[in-house]
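Structure assessment
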Amino acid sequence: MPPEFAPSGIAAAPDHGPNHSGQLAVGTAPLLSPRQVASTADAIDACQQPGGLILWFEGGHADPWNHVEAAMALASAGRHNAAETAYEWMRANQQASGSWHNYYTAHGIKDAKVDTNCCAYVAVGVWHHWLSTADRGFVETMWPAVARALDFVVGLRTASGHIPWAVHADGTPWPYALLTGSSSIVHSLRCGLALASLLGHERPAWARTLARTERQIRHRPDGFEPKDRWAMDWYYPVLCGAVDGAQARAHLATGAPKFLLGNHGVRCVADQPWVTAAETCECALAYLRAGEEATARQLIEATEPLRTADGAYYTGWVVPQGKTFPHEEQSAYTAAAVLLATDALDRRTAAVEALITAPRP
């Protein structure tokens, strides 16, 4: 039986060294045309509820991290009003503690526990929107929500300096931290500090937490709950900038044989032949941040087989059978990851700096 997709190829990328010029390489065509960008933004729009919540797919649920990522993708496609409606949902549904629940549906709360990384990510979204629009009024409106969210996350720091990955619905923190989640929190804290600097605020506790968490990621990754089957634990320390330069390139090279699946992209987990477009695009951003633009481009190109005729994206597929997995699932967060990654390579907007550089207030 022929495969459902015909994958593109990822050749071994030559090492041309870092390229931080901010310009497309000579002779490279945009990864997505303006029409393709618009149709993929339409696919995300179709998952947005009247109140602003962006579901994973129609009839599904949402989580705060992927909701913010989808808002960022809409902004990268010029859909600023839709993005701001998504951020307004964040403001309207933030708890008094500064947190959001783990999962929501169009009708209310699905899972009441709290994921710290998901709560912190609003700072990345607001910083991204500022770079996209230069709308200071938007930042001022969102600042209280950002400040409460990061204060909540930083306030959970344990005696060891780790931030628990989640909090039970009864308020009890989980007993361990995750490398991926902590890496994302580093990114969020950097963006939060950049927003604080923009508005003239000081947040020394955020800066201390950022510095300590970066050191843990860089020098003591064994202090996190082992999740080394998962690709995100491989590339997220680079994606967040805690591991950079030559160390980042060496780190990516070490994990590549384990997680890059031939010509098809990035495995979600090392021991399964399941490639996901979102992880592939995030990994591409990590390579781009490390200066490996050729590999980043090839990874994003590998997601093309998962694109539908109307611009949506299947979440993943199983190699070599070529069957979508989960079956026929097309997710807004996957479309968002593709829009953000292609923006970073094609340089459609100034907001890409929120994803591939470390803001320094």
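This write-up is about the structure you can find in this document. (Residues numbered from 1 in each chain as written. Predicted model: local features only at pLDDT ≥ 70, side-chain atom pairs only at ≥ 80, totals over all residues. Heavy atoms only, no water.)

Focus on the overall build of the chain
Put simply, the rule is: Labels follow the DSSP assignment, with helices taken as runs of H or I lasting at least four residues and strands as runs of E lasting at least two, numbered in each case from the N terminus. Atoms counted for the radius of gyration: C-alpha only. Globule rule: 2.2 Å times the number of residues to the power 0.38. The cut-offs for exposure are 20% and 50% of the maximum accessible area for each residue type, with area from a 1.4 Å probe on protein chains only; residues under the lower value are buried, those over the upper are exposed, and the others partly exposed. Contacts between residues were defined by any pair of non-hydrogen atoms, one from each residue, lying within 4.5 Å. The accessible surface values rely on the Shrake-Rupley method and a 1.4 Å probe; as for residues, cover is taken only from the protein chains in view. Think of it this way: Lys and Arg go in the positive column, Asp and Glu in the negative one, and His and the chain ends go nowhere. To locate a charge, the coordinates of NZ of Lys, CZ of Arg, CG of Asp or CD of Glu are taken.
A tally of regular secondary structure across the chain gives 14 helices and seven strands. Here the C-alpha radius of gyration of the chain, 19 Å, is about what a compact globule of 361 residues would show, namely 21 Å. For the chain, the spread of C-alpha atoms along the principal axes amounts to about 55 × 45 × 40 Å. Sorting the 361 residues of the chain into buried and exposed places 57% on the buried side. For the chain, the share of sequence-separated contacts (at least 6 apart) that also reach a separation of at least 24 residues comes to 69%. Accessible area of the chain: about 14500 Å², with a carbon and sulfur share of 55%. The averaged location of the 35 negative side-chain charges in the chain is 6 Å from the averaged location of its 27 positive side-chain charges.

Topic: the sheet that holds strand β6 (residues 316-318)
Strand pairing in a sheet relies on backbone hydrogen bonds. The paired strands run either parallel or antiparallel. Convention followed: One bridge is not enough; two strands pair if DSSP finds at least two bridges between them.
Taken in spatial order, the three strands of this open sheet run β5-β6-β7, and their pairing is antiparallel. Both edges of this open sheet fall to β5 (274-276) and β7 (323-324), since each of them pairs with a single strand only. As paired elements, β6 and β7 share two bridges and run antiparallel to each other. Looking at the pairing, W317 lines up with T324 of β7.

A word on the state of the cysteines
To be explicit about the condition: What counts as a disulfide here is a pair of cysteine sulfur atoms lying within 2.5 Å.
A complete count under the given rule lists zero disulfides for this structure. In this structure C47 is not part of a disulfide, and its nearest cysteine sulfur, from C281, lies 17 Å away.

Thoughts on unusual backbone geometry
Across the junction of V319 and P320, the peptide omega takes the value 5°, indicating a cis bond. Along the chain, P320 falls in the loop between β6 and β7. Geometrically, the link from F325 to P326 is a cis peptide bond, its omega value of -10° lying close to zero. With respect to the secondary-structure elements, P326 resides in the loop between β7 and α13 (332-346). Even without being a glycine, E328 presents a positive backbone phi close to 65°. For E328, the location among the structural elements is in the loop between β7 and α13.

So, helix α9 (residues 231-239)
Counting buried positions over the nine residues of α9 gives eight, a clear majority of the element. Burial in α9 covers these residues: A231, D233, W234, Y235, Y236, P237, V238 and L239. Taken together, the buried residues of α9 touch α2 (64-76), α7 (179-199), α8 (204-219), α10 (245-259), α11 (277-289) and α14 (353-356). Following α9 by one or two positions, G241 adopts a phi angle in the positive range, close to 90°.

As for the nonpolar core
The nonpolar side chains of a soluble globular protein tend to be buried with one another. The test is simple: Among buried residues, those of type Ala, Val, Leu, Ile, Met, Phe, Trp, Tyr and Cys that are joined through side-chain atoms within 4.5 Å constitute a nonpolar core.
Within the largest apolar cluster, 118 residues are counted, with the highest numbers of intra-cluster contacts made by I44 and Y235. The element that contributes the greatest number of residues to this core is helix α6 (residues 136-155), accounting for 12 residues. Setting aside residues up to four positions removed in sequence, Y235 forms contacts with L252, E279, E282, C283 and A286.

Thoughts on the layout of surface pockets
Inclusion rule: The method works on a 1 Å grid over the protein atoms by themselves. A cavity is a set of points holding a 1.4 Å probe that cannot get out, a pocket is an open set with protein on both sides within 12 Å along at least five of seven lines, and residues with an atom within 4 Å of a point line them. Grid points are joined across faces, edges and corners, and a volume is the space filled by probe spheres set on the points. Side-chain classes follow a simple rule in which Ala, Val, Leu, Ile, Met, Phe, Trp, Tyr, Cys and Pro form the nonpolar group, Asp, Glu, Lys and Arg form the charged group, and the remainder, Gly included, forms the polar group.
Reported here for the largest pocket is a volume of approximately 1000 Å³. Mapped onto the lining of the largest pocket, the elements with two or more residues apiece are α2, α4 (116-120), α7, α9, β5, α11 and α13. When the residues that make up the lining of the largest pocket are grouped by side-chain class, the tally is 17 nonpolar, 11 polar and eight charged.

A look at empty space enclosed by the protein
According to the stated counting rule, one finds one cavity of 30 Å³ or more in the structure shown. If you add up the space inside the largest cavity, you get close to 170 Å³. As for the largest cavity, its lining consists of 15 residues, of which Y121, L239, E282, L285 and L355 are closest to the centre. The set of elements that each furnish at least two residues to the lining of the largest cavity consists of α2, α7, α9, α11 and α13.

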